[in-house]
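Remarks on the overall topology
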Amino acid sequence: MRKIYNYILIACFALSATTCNAQSQFSSDQLIGTTWVPVIQPPVCIDTISYVRAKEKRKSYMPQINKSVVHYKDFYLSDTIPSTFDYSQVNKTSIGNYMIFYSTSLEEMTFHKIKTLDIAKGTLILERYNSLRGCFEPVEYRLVKSE
């Protein structure tokens, strides 16, 4: 009886590991044509993030000065965090659990880890680096537009 219990336990573990592994990969095609807003908006501005082809478009509206700022970044998805931005991956369908960005205006590469991407539920959770706290924190977005 103990052997049967052990086999069942091993089978359940293997099945759950396989299921979790399959969920950790995302495609850039899932993001293209979507627009998101943070669930918790910062008090100083109203942000929207859109994904158009190989660009992330971040639009921030600052009500205090009645002005919008738009910033574009090239991006692709990757399984790992690269040491340098790979321009050959831009404008291609990419798969991974890291969003890799390059800002030409700031001349820097950054990345976010995708924790959750569920278009049907309208949920995107990214793990982003908080330089003030010196750690990574999840930021949840809700879908406002999908083409």
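To start, this report covers the structure provided alongside it. (Residues numbered from 1 in each chain as written. Predicted model: local features only at pLDDT ≥ 70, side-chain atom pairs only at ≥ 80, totals over all residues. Heavy atoms only, no water.)

With that out of the way, let us pick up the overall build of the chain. Broken down by element type, the chain carries two helices and 10 strands. Start at the N end of the chain and walk to the C end: the helices and strands fall as α-β-α-β-β-β-β-β-β-β-β-β. A separation threshold of at least 6 residues defines the contact pool for the chain, and within that pool the share at least 24 residues apart is 35%. Total accessible area computed for the chain in this model is approximately 9,700 Å², and 57% of it derives from carbon and sulfur atoms. (Helix = DSSP H or I, 4+ residues; strand = E, 2+ residues; numbered from the N terminus. Contact = heavy atoms within 4.5 Å. Areas by Shrake-Rupley, 256 points an atom, 1.4 Å probe, with all protein chains shown as cover.)

With that settled, the discussion passes to the packing of aromatic side chains. Across all of its chains, the model carries eight aromatic pairs by this definition. Summarising the aromatic geometry, the rings of tyrosine 87 and tyrosine 102 are spaced 5.7 Å apart at their centres and angled 65 degrees between planes, so their arrangement reads as edge-to-face. Here the residue tyrosine 87 occupies a position in the loop between β5 (67-78) and β6 (95-96), and tyrosine 102 occupies one in strand β7 (residues 98-103), the gap between them amounting to 15 residues. With a relative accessible area of 17%, tyrosine 102 lands in the buried category. Aromatic side chains tyrosine 98 and phenylalanine 111 sit 6.1 Å apart centroid to centroid with 70 degrees between the ring planes, which places their arrangement in the edge-to-face category. Within this pair, whereas tyrosine 98 is found in strand β7, its partner phenylalanine 111 is found in strand β8 (residues 108-118), the two being separated by 13 residues in sequence. Residue classification places tyrosine 98 among the buried residues on the basis of a relative accessible area of 16%. Overall, the relative accessible area of 22% leaves phenylalanine 111 in the partly exposed class. (Phe/Tyr/Trp six-rings, centres within 6.5 Å; stacked < 30°, edge-to-face > 60°. Buried < 20%, exposed > 50% of the residue type's maximum accessible area, 1.4 Å probe, protein only.)

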